[in-house]
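Structure assessment
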Amino acid sequence: MIVVNETGYLPDSEKIAVSDENGEFCIVDDNERKKLDTPIAVTDAGYDETAGHRVYRLDFSDLKDIGIYHIESDKGEASASFKVEPGVYKTLKNALQKFFYFQRCGMTLEERYAGPFKRDICHQGLSHIVGSEEKISIPKGWHDAGDYGRYVSAGAVAVAHMLYAYELFPEAFGDDINIPESGNGVPDILNECRYELEFLSSMQDEDGGVHHKVTSWTFCGFVMPKDDDKEMFVFPVTSLSTADFAAVMCIASRVYEPYDPDFARSCMHQAYLAGQWLMEHPENTDFHDPEGCNTGEYTDPFDKDERMWAYAELMRTDYDIRQDMDRSMRTAGSKRESRQEGYRQEFVSALTAYEESHPHYDGRSVDDGFGWNDVSSFAAIAVIFDPDKRSGEELHDRMTAMLISRADEFAAMQEGGYPISMKKEDFIWGSNMVMSNRADILITAALVLRQSMGADDRAKAYEKAALNQIHYILGMNAMDISYVTGFGDNAFKDPHNRVTISDDIERPIPGELSGGPCILFADEEIKKYINAETPAQRCYLDHHLSYSSNEITIYWNSSLLFATAYFDRSTR
Ligand code: G3I
Ligand code: 9MR
Ligand code: ZN
């Protein structure tokens, strides 16, 4: 077996493939149908416990010419084919983003945008507030995943991945990915996120608290969205959702300001209200499904990181919305200063609590802080990239150290076996997001090193490590599978996605990232195929019934979109 990134490699980047046996290897040019004499350096990287085989790393970085190739061995093995070209990740990037359009709730997907995946409008009814007689309208938003629920923490995290990517490297994002808003002069990433932000906005109560989720009481069957006629419920307010909401509304108020100041102002106002609610409710409200309800919980026994993120963003962004939007006015006003001091104190107390009881409750080797259950790295980004350094030097340095030390740990993990930053225990539900989040942290750390520390060599090493994570996801793994639909000779085909299961179209929607290998034995289907001896990387089943290893969801796609957009930022 020879495994490669089946999408391809950038001409000037390091190029690594993996073989499970030693031998002589050569590159074959698929167009010319001839063997090349480009050298391939083979290193024995030792036995990889997560893969269950010995790893031989094949370095073919000397291959720089644009083309389509594959690798062959003297033992008769052949890899999938791959491209080498400067814009090699562009189509992938756009498909990962277009995925969000396909997840839109409450909208007819028209053929001119959706092609064969056109579908009727869904979930138009009012939603019943749990514990009251009241019914309200909760419009728009993205279906979370293979189910049709809409969950605030999940949505906020997906939007954060996308809006931080946009803030950090805006040059990666165009206005032409063929969604209904394309060509309106606003980058499509902002158009897409706005669809979710308007949903989020409707989840806030008048007192600032934000409801946890809107879903049916139990998951619907394998039907198209329009045929899901179960009653929808709005579940209680939680501190987790309120904090995530506050943070993401702050980011929104910054990035939409040049395009739509009124919308930006209303995001800031809602963030402010959420912040007030958090201060008045210092306890974690957590969330558990009530009796008989089985839709996603997104439960989290620890909300200090969410609060830390909210206060970091409020400290950075808050301005007096009663004043004009003029930037010069923003810096005036003592009220804002005293509010900021309040946020700062709350931030420090949440950060201290976080540092003292570092959770690790989901069993991973190192937290990335870039997913729905730990958002600490988002807080780091909010502080580190604040051009006004409103947190002050000391906190700025502390958050920088947090981020860099995570990146260092991830980079160090790539020493032996597959060049990936993963240990066995990291292959939990959504392991491809763990993989991809670590790429995102490595990228963010590279940006910090370049921008403020001038440490170019270290930044390059982080970028190289981040690309290896992407190579794994796109095919360089022990399953010899690409975990993005439509990308690669061996792309997975049978996601746990109710739309795909019921749309009568043979192929899946392209650009969906699978959750990936999961060692938790968490669905009946995969239990038939894995046991305690199965190597972590192989605890995967390309079957729609295996929701613990083969579902798709918004915050997995957005995580990979972050990394992919970074490596495609100059070829828009
Ligand atoms: O808290 C335990 C910890 O004590 C233990 O050490 C560790 C290892 O077993 O597990 C920890 O909890 C895990 C939790 O994720 C936190 O990471 C659970 O086992 C694991 O089952 C849980 O998986 C989540 C899954 O929902 C089930 O709740 C996934 O992260 C989450 O992405 C997924 O989200 C679902 C939504 O609920 C519904 N919509 C689809 C979406 C994607 O599958
Ligand atoms: O489709 C559901 C998926 O979105 C969730 O991630 C998963 C775990 O909560 O549950 C799936 O729904 C299954 C349910 O939990 C049990 N009965 C079968 C459902 C469809 O496979
Ligand atoms: Zn819907």
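Now for a quick tour of the structure. Since the model is a prediction, treat every value here as computed from it, not as a measurement.

Rules and cut-offs
- Each chain has its residues counted from 1, running along the sequence as written.
- Each chain gets a letter, beginning with A, and each ligand a number, beginning with 1, in the order they are written.
- Confidence filtering applies because this is a predicted model: local features only for residues at pLDDT of at least 70, side-chain atom pairs given and counted only at 80 or more, and all residues used for totals across whole chains, interfaces and linings.
- Hydrogens and waters are ignored; side-chain quantities use all the structure's heavy atoms.
- Distances decide who is a donor: an N, O or S atom must be within 2.8 Å of the metal, or within 3.2 Å for Na, K and Ca. Water is not included, so sites may look incomplete.
- Any site counts as irregular unless it has four donors with all angles between 85 and 135 degrees, making it tetrahedral, or four or six donors with opposite ones more than 155 degrees apart and the rest between 65 and 115, making it square planar or octahedral.
- Strands here mean DSSP runs of E at least two residues long; helices mean DSSP runs of H or I at least four residues long; both are numbered from the N terminus.
- Exposure is judged per residue with a 1.4 Å probe applied to protein chains only, and the accessible area is read against the type maximum: over 50% gives exposed, under 20% gives buried, and values in between give partly exposed.
- Being near a molecule or strand, for a residue, comes down to having at least one heavy atom within 4 Å of it.
- In the analysis that follows, any N or O atom pair within 3.5 Å is treated as a polar contact, provided that within protein one partner can donate a hydrogen and the other can accept it, and provided that, for residues neighboring in sequence, both atoms belong to side chains.
- The definitions used throughout rest on a 1 Å grid laid over the protein atoms alone, on which a cavity is an enclosed set of points accommodating a 1.4 Å probe that cannot get out and a pocket is an open set flanked by protein within 12 Å on both sides along at least five of seven lines; lining residues are those having an atom within 4 Å of a point.
- A cavity or pocket is said to hold a molecule if more than half of that molecule's atoms lie within 2 Å of its grid points.
- Think of it as three bins: nonpolar holds Ala, Val, Leu, Ile, Met, Phe, Trp, Tyr, Cys and Pro, charged holds Asp, Glu, Lys and Arg, and polar takes everything else, Gly as well.
- Only buried residues count toward a nonpolar core. Its members are Ala, Val, Leu, Ile, Met, Phe, Trp, Tyr and Cys residues joined through side-chain atoms within 4.5 Å.
- In what follows, residue pairs with any heavy atoms lying within 4.5 Å of each other are defined as contacts.
- Grid points are joined across faces, edges and corners, and a volume is the space filled by probe spheres set on the points.
- Strands are labelled as partners when DSSP assigns at least two bridges between them.
- A patch consists of residues whose relative accessible area exceeds 30% and which take part in no salt bridge; residues with like charges are grouped when within 9 Å of each other, and nonpolar side chains (Val, Leu, Ile, Met, Phe, Trp, Tyr) when within 5 Å.
- Accessible surface is estimated by sampling points in the Shrake-Rupley manner with a 1.4 Å probe; for residues, cover comes only from the protein chains shown.
- Criterion for a salt bridge: a side-chain nitrogen of Lys or Arg within 4 Å of a carboxyl oxygen of Asp or Glu.

1. Some remarks on the coordination of the zinc ion (ligand 3)
- Taken together, Cys105 (SG), Cys122 (SG), His123 (ND1) and His143 (NE2) make up the protein donors of the zinc ion (ligand 3), found 1.9 to 2.4 Å from the metal.
- Taken together, the four donor atoms surrounding the zinc ion (ligand 3) define angles of 103 to 114° at the centre, an arrangement classified as tetrahedral.
- Of note, the donors binding the zinc ion (ligand 3) are all from one chain and are spaced C-x16-C-H-x19-H. Separated by 18 residues along the polypeptide, Cys105 in the loop between helix H1 (90–102) and helix H2 (111–114) and His123 in the loop between H2 and strand S10 (127–129) bring together distant segments of the chain. As far as burial versus exposure is concerned, Cys105 and His123 are alike and both buried.

2. Here's the deal with the site of ligand 2
- Near ligand 2, the surroundings consist of Asp147, Phe219, Phe222, Trp429, His496, Arg498, Tyr547 and Glu551.
- Side-chain polar atom of His496 to an oxygen atom of ligand 2: 2.6 Å apart, as the coordinates give it.
- One of the side-chain nitrogen or oxygen atoms of Glu551 is found 2.6 Å away from an oxygen atom of ligand 2.
- Its atoms largely coinciding with the cavity grid, ligand 2 occupies the largest pocket.
- For the shell around ligand 2, the residue count by class is four nonpolar, one polar and three charged.

3. With respect to the nonpolar core
- Grouped together as the largest cluster of nonpolar side chains are 163 residues, with contacts concentrated most on Leu163, Phe169, Leu197, Phe347 and Met399.
- Tallying contributions element by element places helix H3 (residues 152–168) first for this core, with 13 residues.
- Once you skip the residues sitting within four places of it in the chain, Leu197 turns out to touch Val159, Leu163, Val248, Met249, Ala252, Tyr256 and Phe263.
- In terms of nonpolar packing, the next biggest core, distinct from the first, is built from 16 residues, Ile27, Leu63, Ile71 and Ala80 among them.

4. A few points about the layout of surface pockets
- In this structure, the largest pocket occupies an estimated 770 Å³ of space.
- The wall of the largest pocket is formed by 32 residues, among which Tyr298, Trp372, Trp429, Tyr555 and Trp556 lie closest to the centre.
- The set of elements that each furnish at least two residues to the lining of the largest pocket consists of helix H12 (431–453) and helix H17 (554–567).
- For the lining of the largest pocket, a count of residues per class yields 14 nonpolar, nine polar and nine charged.

5. Describing the pairing of strand S6 (residues 41–48)
- Inspection of the sheet shows S6 paired to strand S7 (residues 53–59) by seven bridges, in the antiparallel sense. Bridge assignment links Thr43 to a residue of S7, and that residue is Arg57.
- The antiparallel pairing of S6 with S7 creates a hairpin that spans four residues between the two strands, and Gly52 there sits at a positive phi of about 80°.

6. Some points on the sheet that holds strand S1 (residues 2–3)
- Pairing within the open sheet is antiparallel, and its four strands lie in the order S1-S3-S7-S6. In this open sheet, the two edge strands, each paired with only one partner strand, are S1 and S6.
- Bridge analysis of strand S3 (residues 16–19) against S7 gives four bridges, and the strand direction is antiparallel. The residue bridging Ala17 from the neighbouring strand is Leu58, located in S7.

7. Description of a nonpolar patch on the surface
- A cluster of nonpolar side chains, Trp429, Leu520 and Tyr547, forms an exposed patch at the surface whose accessible area comes to about 290 Å².
- Along the polypeptide, Leu520 turns up in the loop between helix H14 (498–502) and helix H15 (524–527).
- Classification of Leu520 as partly exposed rests on a relative accessible area of 46%.

8. A short note on empty space enclosed by the protein
- Inspection of the entire model under this criterion finds two cavities of 30 Å³ or more.
- Of the voids in this model, the largest cavity is the one considered here, and its volume is about 110 Å³.
- If you trace the largest cavity, you find 15 residues lining it, with Tyr148, Gly149, Thr215, Ser216 and Asp228 closest to the centre.
- Broken down by secondary-structure element, the contributors of at least two residues to the lining of the largest cavity are strand S12 (150–151) and strand S13 (213–216).
- Grouping the constituent residues of the lining of the largest cavity by class yields six nonpolar, five polar and four charged.

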